[in-house]
Number of protein chains: 2
Amino acid sequence: MGEKFFTSKQAAKIIGCSLRQLQYWRDKGVVVPTIEGSGTGRSIYYSQSDLVQLALMEYLLSVGLSFATASWGLKELVKTDADYANPETKKRWMLCWNQKKRSLVLEEFDREKAIAFLDKGQAVIPVWLDLICQQLMT
Amino acid sequence: MGEKFFTSKQAAKIIGCSLRQLQYWRDKGVVVPTIEGSGTGRSIYYSQSDLVQLALMEYLLSVGLSFATASWGLKELVKTDADYANPETKKRWMLCWNQKKRSLVLEEFDREKAIAFLDKGQAVIPVWLDLICQQLMT
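Report follows, based on the coordinates. Going along each chain's sequence as written, the residues are numbered from 1 onward. Following the order in which they are written, the chains are lettered starting with A and the ligands numbered starting with 1. Whole-chain, interface and lining totals are the exception, using all residues; otherwise, since this is a predicted model, local features are given only for residues with pLDDT of at least 70 and side-chain atom pairs are given and counted only at 80 or more. The side-chain figures draw on all heavy atoms in the structure; neither hydrogens nor water molecules are used.

## Describing the interface of chain B and chain A
Stage number 1. Throughout, a residue-residue contact means that at least one pair of heavy atoms, one from each residue, lies within 4.5 Å. Across the boundary between the two partners, chain B contributes 24 residues, which contact 24 residues of chain A.
Stage number 2. We count a salt bridge whenever a side-chain nitrogen from Lys or Arg sits within 4 Å of a carboxyl oxygen from Asp or Glu. Put simply, chain B and chain A have 2 salt bridges between them.
Stage number 3. For the salt bridge of Arg111 of chain B with Asp119 of chain A, the shortest nitrogen-to-oxygen distance reads 2.7 Å.
Stage number 4. Pairs of N or O atoms are called polar contacts if they sit within 3.5 Å, as long as, within protein, a hydrogen donor faces a hydrogen acceptor (for residues adjacent in sequence, only side-chain-to-side-chain pairs). Our count for the contact surface shared by chain B and chain A stands at 7 residue pairs in polar contact (both at pLDDT 80 or more).
Stage number 5. Sorting the residues of the side of chain B that touches chain A by element identifies α3 (48-62), α5 (111-119) and β6 (124-128) of chain B as the ones contributing at least two each.
Stage number 6. Numbering goes from the N terminus for both helices and strands, where a helix is a DSSP run of H or I of at least four residues and a strand is a run of E of at least two. Per-element tally for the side of chain B that touches chain A: the top contributor is α5 of chain B, with 5 residues.

In structure tokens, the structure reads:
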């Protein structure tokens with residue numbers, strides 16, 4: 001019953017990133033904690049959806065993506081997959097190169113399609129929510 | 001006979017990047033023109049190997065990689081593939097995730113191996129010299 005919330009310290013520990021990184025993402029508006037009281041500085045709490053977003057951001061950066069690309073990827077995913085934070089329905093996505101748009105796009109992961117990209121020498125970055133969110137389940 | 005050299009302006013045009021970008025990479029020591037006289041500022045010339053490096057850098061950034069990751073990838077490639085600038089022997093490489101090292105590594109492109117990475121939900125970024133250097137051949 002009720003929803004679980006996490007302090008910055010707890011969130012950083014679960015995600016495996018530094019407090020400074022969390023703060024930076026907060027300042028940049030990439031992942032903003034759901035509860036963010038003004039004043040004391042203590043009333044900051046990340047919801048479970050926030051944690052999923054943090055895990056995603058951490059993952060995208062760990063792959064070597066730039067901050068801009070990672071934030072964009074996260075935004076795309078949150079926008080595209082309304083169910084992204086639902087632990088029952090972790091979808092698999094991929095970032096891949098769209099020749100027409102000359103940019104990365106987010107698509108549902110499809111093995112055949114992913115291989116076709118590789119066969120053209122194009123990058124495929126799987127974004128598997130089930131895998132990325134594994135650490136949040138424990 | 002002899003070797004071809006290119007001014008910054010020519011290099012930027014061939015690669016499809018801005019002069020400012022070239023300058024930035026030069027300042028950061030990522031791609032330094034082979035001929036770089038001091039003083040006048042005019043005596044800057046990129047060799048054909050330099051152009052390959054520029055094309056690689058441009059490619060790695062276009063995939064969405066961070067500046068740090070792209071520079072590292074370029075360095076790795078130049079270090080690993082002594083023949084990288086030889087138009088006759090354009091090898092195919094890939095950047096992929098090494099679980100043990102918890103970082104990207106550069107390996108020779110191998111389709112089966114690349115697919116195995118995808119099947120584990122891990123990123124594969126092909127670095128095909130023949131493809132990336134296509135624009136330099138014309």
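Once the structure has been displayed, the description carries forward.
## Re the sheet that holds strand β3 (residues 44-47) of chain B
Residue and element names in this part refer to chain B.
Stage number 1. Read from one edge of the open sheet, 3 strands run β1-β3-β2, paired in antiparallel fashion. Strands with a single pairing partner mark the edges of an open sheet, and in this sheet they are β1 (5-6) and β2 (35-36).
Stage number 2. DSSP calls a pair of strands paired once it identifies at least 2 bridges connecting them. In this sheet, β3 lies alongside β2 in antiparallel orientation, the contact comprising 2 bridges. Following the sheet pairing, Ile35 is matched in β3 by Tyr45.
Stage number 3. Axes here mean lines fitted to C-alpha atoms, for a helix over just the part in contact, with angles spanning 0 to 180 degrees between N-to-C directions. Contacts from α3 reach β1 and β3, with the element oriented near 80° to β3.

## Some remarks on the relation of the copies chain B and chain A
Stage number 1. When the copies are overlaid, the least-squares fit takes in C-alpha atoms only where the residue has pLDDT of at least 70 in both copies. Taken as rigid bodies, chain B and chain A are interconverted by a rotation of 180° and an axial shift of 0.0 Å, the fit giving an RMSD of 0.0 Å. In the structure described here, the two chain copies are related by an operation that fits a two-fold rotation axis.

## Points about the pattern of salt bridges
Residue and element names in this part refer to chain B.
Stage number 1. For the coordinates displayed, the defined rule picks out 10 salt bridges over all chains.
Stage number 2. In this structure, Lys113 and Glu107 form a salt bridge, with 2.9 Å as the shortest nitrogen-oxygen distance.
Stage number 3. Only protein chains enter the accessibility calculation, which uses a 1.4 Å probe; a residue whose area is less than 20% of its type maximum is buried, one above 50% is exposed, and one in between is partly exposed. For Glu107, a relative accessible area of 19% translates into the label buried.

## Some details on the pairing of strand β3 (residues 44-47) of chain A
Stage number 1. Two strands pair when backbone bridges link them, and strand β1 (residues 5-6) of chain A and β3 of chain A are joined in this way by 2 bridges, in the antiparallel orientation. Each residue of the ladder has a partner; that of Phe5 of chain A, found in β3 of chain A, is Ser47 of chain A.

## Some remarks on the environment of Arg92 of chain A
Residues and elements named next belong to chain A.
Stage number 1. Following the sequence through the fold, Arg92 ends up in strand β4 (residues 92-98).
Stage number 2. Taking the C-alpha atoms as reference points, Arg92 and Leu129, separated by 37 residues in sequence, lie 5.8 Å from one another.
Stage number 3. Setting aside its immediate chain neighbours within four residues, Arg92 contacts Glu108, Phe109, Val127, Trp128 and Asp130.
Stage number 4. A polar side-chain atom of Arg92 sits 2.6 Å from a polar atom in the side chain of Asp130.

## Notes on α5 of chain B
Stage number 1. Every buried residue belonging to α5 of chain B is among Ala114, Ile115, Phe117 and Leu118 of chain B, and all of these are buried. The arc that holds every buried residue of α5 of chain B, seen down its axis, measures 155°, which confines them to one face.
Stage number 2. The secondary structure elements touched by the buried residues of α5 of chain B are α5 (111-119) and β6 (124-128) of chain A together with β4 (92-98) and β6 of chain B.
Stage number 3. Looking at where α5 of chain B begins, the residue whose side-chain oxygen comes 3.2 Å from the main-chain nitrogen of Glu112 of chain B is Asp110 of chain B.
Stage number 4. At the C-terminal side of α5 of chain B, Gly121 of chain B shows a positive phi close to 75°. As used here, the arc is the angular range of directions from the helix axis to the C-beta atoms.

## Topic: the side chain of Asp50 of chain B
Residue and element names in this part refer to chain B.
Stage number 1. Looking at the secondary structure, you find Asp50 in helix α3.
Stage number 2. Notably, Asp50 is buried but unbridged: the nearest opposite-charge side chain belongs to Arg26, and the N-O separation is 10 Å.
Stage number 3. If sequence neighbours within four positions are ignored, Asp50 has contacts with Val31, Val32, Pro33, Thr34 and Tyr45. Positive: Lys, Arg. Negative: Asp, Glu. His and the chain ends are not part of the count.

## Section: the sheet that holds β3 of chain A
Stage number 1. The strand order across the open sheet built from 3 strands is β1-β3-β2 (chain A), with neighbouring strands paired in antiparallel fashion. The open sheet is flanked by β1 and β2 (35-36) of chain A, the only strands paired with a single partner.

## Points about helix α2 (residues 19-27) of chain B
Residue and element names in this part refer to chain B.
Stage number 1. Of the residues making up α2, those classed as buried are Leu22, Trp25 and Arg26. Down the axis of α2, the smallest arc covering the buried residues is 105°, so these residues share one side. In α2, the exposed residues that point more than 90 degrees away from the buried face are Arg20 and Asp27.
Stage number 2. Along its buried surface, α2 packs onto α1 (8-15), β2, β3, α3 and α4 (67-80).
Stage number 3. Gly29 sits one or two residues past α2 and shows a positive phi near 75°.

Functional significance is not addressed by these values, which are geometric in nature.
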